[in-house]
Amino acid sequence: MASRSSIAELGNKLQSLPKPALYLILFLVASLPLIKPIPLPNSPDPASIDFYAHLMELPEGSKILICSDWTNSTRGESMGEMDALLRVLMRRKIKFAVYSIGDGQAPRVARETIARISREEGGGQPLYKPYEDYVVIGFFPNGEGQTAAVNTNVRAAFAGKTDISPTGQREVVQSPVFEGINSLADFKYLINVTASSTNTVILERIKKTNLMFAVSGVMVPENTVYYASGQLKGLLGGIKGVYDMETLMEYGVNNPGPHMVTSAAYGQIPGFPGKANTGKGTAYYPALHVCLSVLILAVITGNVGMFLSRKGR
Amino acid sequence: MLPIFADLDPHTIWNAPSGSIELVIKCMVALLLGAAFVGICFAIPSQLRRFIIFTATFVSGGFYILFYYFPAPIARQPLDQPRNVLEGFSFWLTDAQPIIATISNTIGSFLIGLGIYSLMRVHLRKLMKKQKDWGYSLVLFVSMLLMVTFGYWDYFDRFGKDGAAMAAGPAGGAWHFQQYANDILFDGFFQQMEAGMFSMVAFYILSAAYRAFRARSIEATILLATALVVMLSVMGAVVYQWDEGIKALAHNDPGSFLNNFKLDVIAAWLKDAVQTPSIRGIDFGVGIGLLAMGLRLWLNLDKTGGAV
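Residues numbered from 1 in each chain as written. Chains lettered and ligands numbered in written order. Predicted model: local features only at pLDDT ≥ 70, side-chain atom pairs only at ≥ 80, totals over all residues. Heavy atoms only, no water.

1. Notes on the domain arrangement of chain A
The domain architecture assigned to chain A consists of domain 1 (4–36 + 290–312) and domain 2 (46–278). A straight line from the C-alpha centre of domain 1 of chain A to that of domain 2 of chain A covers 41 Å. (Domains from an automatic or database assignment.)

Following this line, the structure appears as structure tokens:
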């Protein structure tokens, strides 16, 4: 039988694993799924199903407004959300306008993402034309005032702002995207893809149209409150939200099959089988699994160490 | 009401067609007037300066208070006319807000200039006097210069008449040296470093959780168990296996009590019954605090930060 001192010693050892070892383990386990993708079963969250279903319910030719407030610091999650959102919009021929209130770099990152997805969806050629099918309006440093202006008079809020068109620089409010847009209510949704606190700025000020958010993982608890109250019509949260969207794009909702996604709230909603639906969600979700597993194991190890240490005293 | 702060179309004193000479002249005049105003503010006594800042803050805050609390027109159509003075004021507030927002956006943009000025002042001094770590200041200046040069060079090309072809990327063949240079600097270096910085958080979280997340008390144990359930609930593979196990135990009966022990059901209960009310409570507290802070700033009761 082990003596009390040896139990305490083991406990102490378990409590003081060297930091470099922990870092190395995390690095290795996070890298492995990126090298060898692991298909994982998934049950999309109701909030993600709502997000997808509302996009799929939009009539073709509808217009939506996107507030893109992410940059590459959260590209693992936000870029995946943006990719999935853009794929659905382009497949449904929905025009969109993009603006930013969170970060000066965000419009450029959004512009590059749109161009990339447009090429991928168009089989190498851009499916969506700048200015004709989408406009990138730019960055507004005063997020609060600008968002209130967007709600008050969306044309006045964006008046004077220009974007690249086939004939040079032109005012965004003259673009085909703004045809028939006289009020924010003419945009079917305002979707905020964000990794910062712009979600609350929008939530507090936008009253004339429906809201949906695509947020980073750490922002999910805060935004679940607004989804639960019905203020948000749909919510994508972190890499799980991305994987949910990719699952939904592949299988749709309530479509019979081995991977059927069920929802009592909706009838049959088609997916886009055969198209390039997998992306960052499929690539990174396994990495999230193994990283969380390491985290849980580390916490358990530390606690076991603490108990052994106490027992051995 | 006066057309000031209202109606962008037709154009008023506050705007002009995009890219026009009129707009450039207005911008230059505004810049000169702004610089003169800042110069005057430096020259006048601090008491008077404080009064100017208080007045500007009070008027700006007052506008937004009126904008949010004064009854706004409902379902107003573009050709609607106010029927009395109060309605006229309400219409004016609504029309003026986007213009006020544009003005505050413009002022906000100048903060970037202020930041650059401050940064250059500190690092230029360090570089000139060759103080400790002056090499980092040199790197900062070189990086800033390169980014500004190639950023603007690329910007003017992209927003020129051939900009649409450039937006398609290098495959379109319209890229020149400045586009490639800007791409390497922004996407190749800057964005990757930003992503790298953020990814390091994972290592710190692991280390901190391992050392600090201990079941030392009843409260800590509850927190630990809850965190464990929530973490497991975002792991699809674990949820799937666990829930399949519960389904088998319940003999696939949807009315079975055992279904309450599915991982996604437990996680949903935690979110709906524990997390949501807690966050709502915190939000109310934060809201009241912000209201108090806003009032202090608006009424110039906040004396911290030294004399202005």
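2. Topic: the packing of aromatic side chains
Given two aromatic rings, one states the distance between the centres and the angle between the planes to describe the pair. All names here are of chain B. Applying the stated rule across the entire model yields 28 aromatic pairs over all chains. Centroid distance Y152 to Y155: 6.4 Å. Interplanar angle 75 degrees. Geometry classified as edge-to-face. In this pair, Y152 and Y155 both sit in helix α4 (residues 134–158), 3 residues apart, roughly one turn of the helix. When its relative accessible area of 37% is taken as the criterion, Y155 is described as partly exposed. Through a chain of ring-to-ring contacts, three or more aromatic side chains come together here, namely F63, Y64, F67, Y68, F70, F89 and W92. Here the basic side chain of K130 rests over the ring of W134, its NZ or CZ set 5.1 Å away from the ring centre. For the cation-ring pair, R214 lies above Y210, with the distance from its terminal atom to the ring centre recorded as 5.8 Å. (Phe/Tyr/Trp six-rings, centres within 6.5 Å; stacked < 30°, edge-to-face > 60°. Helix = DSSP H or I, 4+ residues; strand = E, 2+ residues; numbered from the N terminus. Buried < 20%, exposed > 50% of the residue type's maximum accessible area, 1.4 Å probe, protein only. Lys NZ or Arg CZ within 6 Å of the ring centre and 35° of its normal.)

3. Structural notes on the interface of chain B and chain A
At the junction of the two partners, chain B supplies 59 residues and chain A supplies 69 residues. Each partner contributes to the roughly 5,500 Å² buried at the junction of chain B and chain A, and carbon and sulfur atoms together form 62% of this total. The largest contributions to the chain B side of the interface with chain A come from F159(B), L206(B) and Y210(B), which together make up 13% of the buried area. Run the count over chain B and chain A and you get 1 salt bridge. Between D187(B) and R108(A) there is a salt bridge; the shortest N-O distance is 3.8 Å. For the pair chain B and chain A, the number of links is 28 residue pairs in polar contact (both at pLDDT 80 or more). Sorting the residues of the side of chain B that touches chain A by element identifies α2 (46–69), α3 (85–128), α5 (163–167), α6 (177–212), α7 (218–233), α8 (236–249) and α9 (263–298) of chain B as the ones contributing at least two each. Top element by residues in the side of chain B that touches chain A is α6(B). It accounts for 19 residues. (Contact = heavy atoms within 4.5 Å. Buried area = accessible area lost by both parts, 1.4 Å probe. Salt bridge = Lys/Arg side-chain N within 4 Å of Asp/Glu carboxyl O. Polar contact = N/O pair within 3.5 Å; in protein donor to acceptor, adjacent residues only side chain to side chain.)

4. Structural notes on the pairing of strand β1 (residues 63–69) of chain A
Residue and element names in this part refer to chain A. Counting buried positions along β1 yields 7 of 7 residues, so the element is predominantly enclosed. Of the two faces of β1, the one lined by K63, L65, C67 and D69 and the one lined by I64, I66 and S68 are each fully buried. Here β1 pairs with strand β2 (residues 95–100) via 5 bridges, running parallel. Looking at β2, one finds that K63 is bridged to K95. One crossover worth recording links β1 to the parallel β2 by way of helix α4 (residues 75–91), and it is right-handed. Relative to strand β6 (residues 189–194), β1 is paired through 5 bridges, and the arrangement is parallel. Note on β6: the bridge partner recorded for C67 is N192. (Pairing = 2+ DSSP bridges. Right-handed = clockwise from strand over helix to strand, strands pointing away.)

5. Looking at the packing of α7(B) against α9(B)
Residues and elements named next belong to chain B. At a minimum axis distance of 9 Å, the contact between α7 and α9 shows a crossing angle of 120 degrees. In terms of orientation, α7 and α9 fall into the oblique class. Crossing angle aside, the handedness with which α7 passes α9 is left-handed. Seen from α7, the contacting residues are T226, V229, V230, L232 and S233; seen from α9, they are L263, I266, A267 and L270. (Axes fitted to C-alpha atoms, helices over the stretch in contact; angles between N-to-C directions. Parallel < 35°, antiparallel > 145°, perpendicular 65-115°, else oblique. Left-handed = near helix turned anticlockwise from the far one by under 90°.)

6. Quick word on the nonpolar core
The nonpolar side chains of a soluble globular protein tend to be buried, and buried together. Formed by 46 residues in total, the largest nonpolar core has its most connected members in L65(A), Y99(A), I137(A), V150(A), F158(A) and F178(A). For this core, the element with the most residues is α3(B), which contributes 5 residues. Ignoring anything within four residues of it in the chain, the contact list for F178(A) reads A97(A), V135(A), I137(A), R155(A), F158(A), V172(A), V173(A) and F187(A). One finds I49(A), I66(A), L86(A) and I269(A) within the second-largest nonpolar core, a separate group that totals 43 residues. (Core = buried A, V, L, I, M, F, W, Y, C linked by side-chain atoms within 4.5 Å.)

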